[in-house]
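# Survey of secondary and tertiary structure
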Amino acid sequence: MTPPDTVATPAQGRRTKRWVLTATVVAVLGLATWPVLSYFDVFSDKGDAISFGQDDKQGGERGGTSSSKASMPTGPKADFTVSGTVPEDGSKIAVTTYEGKKSGFKGKVWVWVPPQYKDPQYAKSGFPVLIALPGGSGYPNNYWMGPDLKLEASISKWSKEGKSLPFIVVMPVLNPEDHDRDPKDPKLGQYWDGSDIPGQPKMGTWLTEDVPDLVKENFRTVNSRDGWAFMGASTGGFAGLKSVLQKPDRFKAVIAAGPDIVPDSRLWKGHDQEKAENNPKALAPKLIKSGHPDVYLAFEVGTKETAAMPPIEDFVKSYTKGPIHTKLDVIQGGKHNAATYVPNMESAGLIQWISEHMQGPTPVS
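Quick caveat: nothing in here was measured; it's all calculated off a predicted structure.

Right, let's talk about the overall build of the protein chain for a bit. Broken down by element type, the protein chain carries 10 helices and 12 strands. Expressed as a percentage of the 365 residues in the protein chain, the buried residues total 54%. Pairs at least 24 apart in sequence give 72% of the contacts found in the protein chain among residues at least 6 apart. Accessible surface, the protein chain: about 16400 Å² in total, of which carbon and sulfur atoms supply 54%.

See the structure below:
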């Protein structure tokens, strides 16, 4: 029987051969061989093709039709392969390389679906999407794709406990290349602020238009802004915060952990107007003045993040009004560390708070 996370593919034939070879080696050399083979990843299905129920010919799930709340996959189908396995429940983290039609940028995107996605009672239902952005370079990998930080395992657990919606977690690369940090000023490195900086790769369009397009092409999603949110740490937190304020008609919420509050890439030099158009401190007043739509901005910051804490607290104090709703948690003893942020999303109620204002899948009655 094909494992529940996949449909039959030629790669599974290769995996069967691997298992036969492995079993033969273990039988000949003894059980002492097992840890050695495991260490060298012999048993891994990493790199094998994986499907999420898309129809190979048309890109849409068989029998699926979009509704006012749910959008079925539109295609074309992307080629996903297994990137890793969540140890807690065996679910798979997949990866594909996607060329954005709107930005022109080509990069990797990792995706994880919650266990509920494969539950027959949700087969016709759209799922909310959480676009998770890293701090640091965010290239060539997005560190949230690693099971060591337990983002996927935590959302799986929280959703079963009613503390979170069962989000599809989408993890694109954040930047078009590694940082080229300025040794004289580490805050002014070669990064792109998740924005369309003139003359540079359009990373804002990549994150807010192309990546969502990839998800809509391949997964059952919520057919409104009520199903779309960001989360991120450090510069990824900034990008998520900025994106929600910049495009509140497409995204409803964000969990921003230790984020920058203003754009500070040195690539903005000579482009002050465009920089202002990507500044949360300029975008927030515009949204307040317009009066709608409502957005939900959750922040977490550690007491040891001495540079980050005052700007975040000032932002919350200044702009929590009208359509902007905020929730701030200060982590006692917390550092600027992704491993600190994930468990605090639960303990501080941040994931539950944004979930209460978003739309989840509806089971078949």
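Right, picking up where we left off after that structure.
Take helix α8 (residues 309–319) next. For the α-helix, the turn length of 3.6 residues means that residues three or four positions removed from each other point alike. Among the residues of α8, Met-309, Ile-312, Phe-315, Val-316 and Tyr-319 are the ones counted as buried. Taken around the axis of α8, the buried residues stretch over an arc of 140 degrees, which confines them to a single face. At its buried positions, α8 is contacted by α5 (235–246), α7 (280–290), β11 (295–302) and β12 (324–331).

For strand β7 (residues 168–172), the buried fraction is high: five of the five residues fall into the buried class. Side chains Ile-168, Val-170 and Pro-172 of β7 all project onto a buried face; the interleaved residues Val-169 and Met-171 project onto the opposite face, where all are buried too. Bridge count between strand β5 (residues 106–112) and β7: four bridges; the pairing is antiparallel. Within β7, the residue paired with Val-111 across the bridge is Val-170. Pairing of strand β6 (residues 129–133) with β7, which is carried by three bridges, proceeds in the parallel orientation. Note that in β7 the partner of Leu-130 across the bridge is Val-169. Of the crossover connections in this fold, the one passing from β6 over helix α3 (residues 151–160) to the parallel β7 is right-handed.

Our next topic: the nonpolar core. Counting residues in hydrophobic clusters, the biggest one holds 94 residues, and the most contacted among them are Trp-144, Leu-245, Leu-297 and Ile-354. Ignoring anything within four residues of it in the chain, the contact list for Ile-354 reads Leu-130, Phe-167, Ala-253, Val-254, Ile-255 and Ala-298.

Here we take up the sheet that holds β5. Pairing within the open sheet is mixed, and its 10 strands lie in the order β1-β3-β4-β5-β7-β6-β9-β10-β11-β12. Strands with a single pairing partner mark the edges of an open sheet, and in this sheet they are β1 (49–50) and β12. Strand direction decides the pairing type here: strand β3 (residues 80–85) and strand β4 (residues 92–99), joined by four bridges, are antiparallel. Paired with Thr-81 across the strands is Val-95, a residue of β4.

Take the packing of α5 against α7 next. For the pair α5 and α7, the least separation of the axes is 9 Å and the interaxial angle reads 30 degrees. Relative to α7, the element α5 is oriented roughly parallel. Classified by chirality, the crossing of α7 by α5 is left-handed. In contact with Phe-238, Leu-241, Lys-242, Leu-245 and Gln-246 of α5, α7 contributes Pro-280, Leu-283, Ala-284 and Leu-287. The residue makeup of the contact of α5 with α7, split by class, is seven nonpolar, one polar and one charged.

Looking at the protein chain as a whole, its pLDDT mean stands at 87, while 81% of the residues score no less than 70. Between residues 1–13, whose pLDDT stays under 50, and residues either more than four places distant or in other chains, the model counts 21 contacts. Here residues 56–63 scores under 50 on pLDDT; set against residues more than four positions off or in separate chains, the count is 24 contacts.

Our next topic: the pairing of strand β9 (residues 228–233). Side chains on a regular strand alternate between the two faces of the sheet. When you tally the buried positions in β9, you get six out of six residues, the bulk of the element. Burial of the side chains of β9 extends over both faces: Trp-228, Phe-230 and Gly-232 are buried on one face and Ala-229, Met-231 and Ala-233 on the other. Bridge count for β6 against β9 is five bridges, and the pairing is parallel. Residue pairing across strands places Val-129 opposite Trp-228, the latter belonging to β9.

With that out of the way, let us pick up the packing of aromatic side chains. This model, assessed by the stated rule, comprises 12 aromatic pairs. Where Phe-52 meets Phe-80, the ring centres are 5.5 Å apart and the plane angle is 90 degrees; that geometry is what we call edge-to-face. Taken as a pair, Phe-52 in the loop between β1 and β2 (70–71) and Phe-80 in strand β3 lie far apart in primary sequence, 28 residues in all. Here Phe-52 and Phe-80 have matching classes, each one buried. Grouped by ring-pair contacts, the aromatic residues Phe-52, Phe-80, Tyr-117, Tyr-122, Phe-127 and Phe-219 constitute a single cluster. Lying over the aromatic face of Trp-228, Lys-216 brings its terminal NZ or CZ to 5.5 Å of the ring centre.

Rules behind the numbers
- Per-chain numbering applies: the sequence of each chain, read as written, is numbered from 1 onward.
- pLDDT decides what is reported in this predicted model: residues at 70 or higher carry local features, side-chain atom pairs at 80 or more are listed and counted, and totals for whole chains, interfaces and linings draw on all residues regardless.
- In computing side-chain properties, one takes all heavy atoms of the structure into account and sets aside hydrogens as well as water.
- Working definition: helices are DSSP H or I runs of at least four residues, strands are E runs of at least two. Numbering for both runs from the N terminus.
- Relative accessibility decides the category of a residue: with a 1.4 Å probe and only protein chains considered, values under 20% of the type maximum give buried, values over 50% give exposed, and everything between is partly exposed.
- A contact between two residues is defined here by any heavy atoms of the two lying within 4.5 Å.
- Throughout, the Shrake-Rupley method with a 1.4 Å probe supplies accessible areas, and for residues the shown protein chains are the sole cover considered.
- Here, the arc refers to the directions that run from the helix axis to the C-beta atoms.
- Between any two strands, pairing holds if DSSP finds at least two bridges.
- Crossovers are marked right-handed if the path from the first strand over the helix to the second runs clockwise, as seen with the strands pointing away from the viewer.
- Residues belong to a common nonpolar core when they are buried Ala, Val, Leu, Ile, Met, Phe, Trp, Tyr or Cys residues joined through side-chain atoms within 4.5 Å.
- Note on geometry: axes are C-alpha line fits, over the in-contact stretch for helices, and angles between N-to-C directions span 0 to 180 degrees.
- Any angle that is under 35 degrees is reported as roughly parallel, and any over 145 degrees as roughly antiparallel; angles of 65 to 115 degrees are reported as roughly perpendicular and all others as oblique.
- Each crossing gets its handedness from the near helix: less than a right angle anticlockwise from the far helix is left-handed, clockwise is right-handed.
- Three residue categories are used. Nonpolar comprises Ala, Val, Leu, Ile, Met, Phe, Trp, Tyr, Cys and Pro, charged comprises Asp, Glu, Lys and Arg, and polar comprises the others, including Gly.
- What pLDDT conveys is the predictor's confidence in a given residue, as a value from 0 to 100.
- Each aromatic pair joins two rings of Phe, Tyr and Trp (for Trp, the six-membered one) with centres within 6.5 Å, and gets the label stacked for planes under 30 degrees apart, edge-to-face for over 60, and tilted for any other angle.
- As a reminder, the over-ring test applies to NZ of lysine and CZ of arginine, requiring each to be within 6 Å of the ring centre and within 35 degrees of the ring normal.

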